[in-house]
Structure formats: C-alpha cells, structure tokens
Amino acid sequence: MKAILVPVEPHSFIRSVLDAALLVAGRFGSHVEGLALGPDIPEVIAFDVPVGWTILSEKEQREHLSRSQRLFEEFMLSCAVPRKTEAPNEVTCDFLGQQLFADSYIGSFGRVFDLIVLGRPGAQDEPPRLATLEAALFEGGRPVLMVPPASPASIGETVVIAWNGSTETARTVALAMPILRKAGRVVVLSLDGWGGDGPSGVDLAFRLERNGVRAETAVRRLNTRSPGEAILEDAASFHADLLVKGAYTQSRLRQMIFGGATSHIIAHAGLPVLMAH
C-alpha cells in the first residue's frame, strides 16, 4: 500500500483521519496524497446539488481550498513528513491540485491508489458525508479505510475479518492482504445465522496460511444482537485495531429500508474499518 489518498475538508475529526493515514503509511513507507474535497461549481451546475451542500462563490471555494490545504500541510509538517526523499521506503506527502474536488471525482481518481482514507460519516449531512464514502466504495474499486472520530493508537496489529462467505468480503480480504501479512494477529470471525452459501471461516483461514498469514478462527452466536452489533462487539472482545469487512453485501436499497451490518458499522464503528464493495 504505497499510494494513499486522503480527501481533506475541515470537520471535527479530520486530525483522526490524517493520523490513521500516517499510521498505515508508516507500516508500508507510503506516499500520502491529499486533495481538497468540496462542491465544485462546474460540476454542481452540470449535475444535481449533493444533499447538504450549497453552491459556493469563487471566494468561498478559495477559502475552503486554502483551509483544507493548510490542514494537510501543517499536519504533515508537524510530523516531519517530507515531500520528497531519496530513501525508497520513507513516508512522503503531497497536496494535489488547486481546486475543490467533488465526491464523484474521489470515486474515479481513487482507482489509481492502493487505499482511500475517509472519516466515518456522521448522522447529519455535514462532513464527513456518507455520499463521499459510498462514492469511494461503489466507484473506486479500491479498499477504503473508514476512520472513527478518535485517533487510533495503532492499525493492523490485531485484525478481525468479518467473514460471511460473500463475494464482497472475499474481494476485501484480497485487497487487505498487505495489511494481513504484517499483522501480529488475524481472527476470522463468523456468526451463526449470518451469511449465505460460501466457504467457511476455516476454509478462509487455511488459504490465508498458504499466503503467509497466520489466522485463527472464531464462531460466535448472534443471540439477540443484530449482525452489525455482534461484529463490533466481538471485534472489541479481541481488542482489534482494524476490522476487515465487505461493504453492502446486501443491496444498499435493502439496507436503507431494513438495516444491515454495513449500515450499522458505518454509523457506530469505534475502530478503523477496511471495506470494499
């Protein structure tokens, strides 16, 4: 994971997002690239205005861009992260462009990165927004690291894989392999009564071993819990600092109507979550 994208906009826990990006970058010697996320006037005029956004004047756009760039560059400076280095495995950074980029751009531009780091969406339409996360998940084709409001102390030391045998989760596990190989502990978590037809957690753990990942398995009962509640509670019981989960293994529309594990985790996760669709 040598190329990490961090869309930046001012919100209450952007520092947590940047902290998380730097933690991952430190494990892989990555280049971290930030860009300013916000409404772009030509795009807003051509398409629908995203919920919660207003059309900004050119002056407001410049101010928004300036604040985002300053947040990113001051953080990297405080952490002594250079823009360039001769050392191949040293963390570096850069800030892209002199304009605001909208959610649709994150979905397309993110395809050339190894990881996209975003904040966990809030309940309201204020940033970080669900629209940004879903654009990255549905359009990016790359893994997304969703970061909670509190800065994590570590990422990827103890990893829990929420395994339900689905295509989406299989894809997420494949994209997470660089992290899994470096983890100190990997737990493949299965829940009785959750998931469809597909290989078992034992099947996955056996094949992970073939790839140099020492994985253990755990099966837990739902009892009165929803799958989303159970995944978060059981991950916490293992003291996990990263959850790996396929996103929207049920359709997004179904989850909006009936709820689902992904929707619950997006709303309530207290640890970083690596997701892909």
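Quick notes on the rules
- Residues numbered from 1 in each chain as written.
- Predicted model: local features only at pLDDT ≥ 70, side-chain atom pairs only at ≥ 80, totals over all residues.
- Heavy atoms only, no water.
- Axes fitted to C-alpha atoms, helices over the stretch in contact; angles between N-to-C directions.
- Helix = DSSP H or I, 4+ residues; strand = E, 2+ residues; numbered from the N terminus.
- Parallel < 35°, antiparallel > 145°, perpendicular 65-115°, else oblique.
- Left-handed = near helix turned anticlockwise from the far one by under 90°.
- Contact = heavy atoms within 4.5 Å.
- Pairing = 2+ DSSP bridges.
- Right-handed = clockwise from strand over helix to strand, strands pointing away.
- Expected span 1.5 Å × (residues − 1).
- Buried < 20%, exposed > 50% of the residue type's maximum accessible area, 1.4 Å probe, protein only.

- An unreviewed UniProt entry lists the chain under the name Universal stress protein, from Microvirga mediterraneensis.

Some words on the packing of helix α9 (residues 227–237) against helix α11 (residues 261–268)
Then step 1. Two elements in contact, α9 and α11, have axes separated by 7 Å at closest approach and are oriented at 50°. Looking at the two axes, α9 sits oblique to α11. For α9 against α11, the interelement crossing comes out right-handed. Across the interface between the two elements, Pro227, Gly228, Glu229, Ile231 and Leu232 from α9 touch Ala261, His264, Ile265 and His268 from α11.

Re the sheet that holds strand β5 (residues 144–147)
Then step 1. Strand order in the open sheet formed by ten strands is β3-β2-β1-β4-β5-β10-β9-β6-β7-β8, and the pairing between neighbours is mixed. The outermost strands of the open sheet, each flanked by one partner alone, are β3 (92–101) and β8 (215–221). Across the sheet, the mean angle from the axis of one strand to that of its neighbour is 25°, orientation sign disregarded.
Then step 2. Running at roughly 175° to β3, helix α3 (residues 58–78) makes contact with β1 (3–8), β2 (31–37) and β3 of the sheet.
Then step 3. Here α9 sits on the sheet and contacts β6 (158–162), β7 (185–192), β8 and β9 (242–246); the angle it forms with β7, its principal contact strand, is near 150°.

Side note on the pairing of β8
Then step 1. Pairing of β7 with β8, which is carried by seven bridges, proceeds in the parallel orientation. Along β8, the bridge assignment pairs leucine 189 with alanine 218.
Then step 2. Handedness of the crossover joining β7 and β8 through helix α8 (residues 201–210) is recorded here as right-handed.

Things to note about helix α1 (residues 14–28)
Then step 1. The end-to-end C-alpha separation of α1 is 22 Å, in line with the 21 Å expected for 15 residues at 1.5 Å each.
Then step 2. The buried fraction of α1 is high, at eleven of 15 residues.
Then step 3. Those residues of α1 lying buried are Ile14, Ser16, Val17, Leu18, Asp19, Ala20, Ala21, Leu22, Val24, Ala25 and Phe28.
Then step 4. Where α1 is buried, its residues contact β1, β2, α3, β4 (115–119), β5 and α7 (177–182).
Then step 5. Following α1 by one or two positions, glycine 29 has its phi on the positive side, about 65°.

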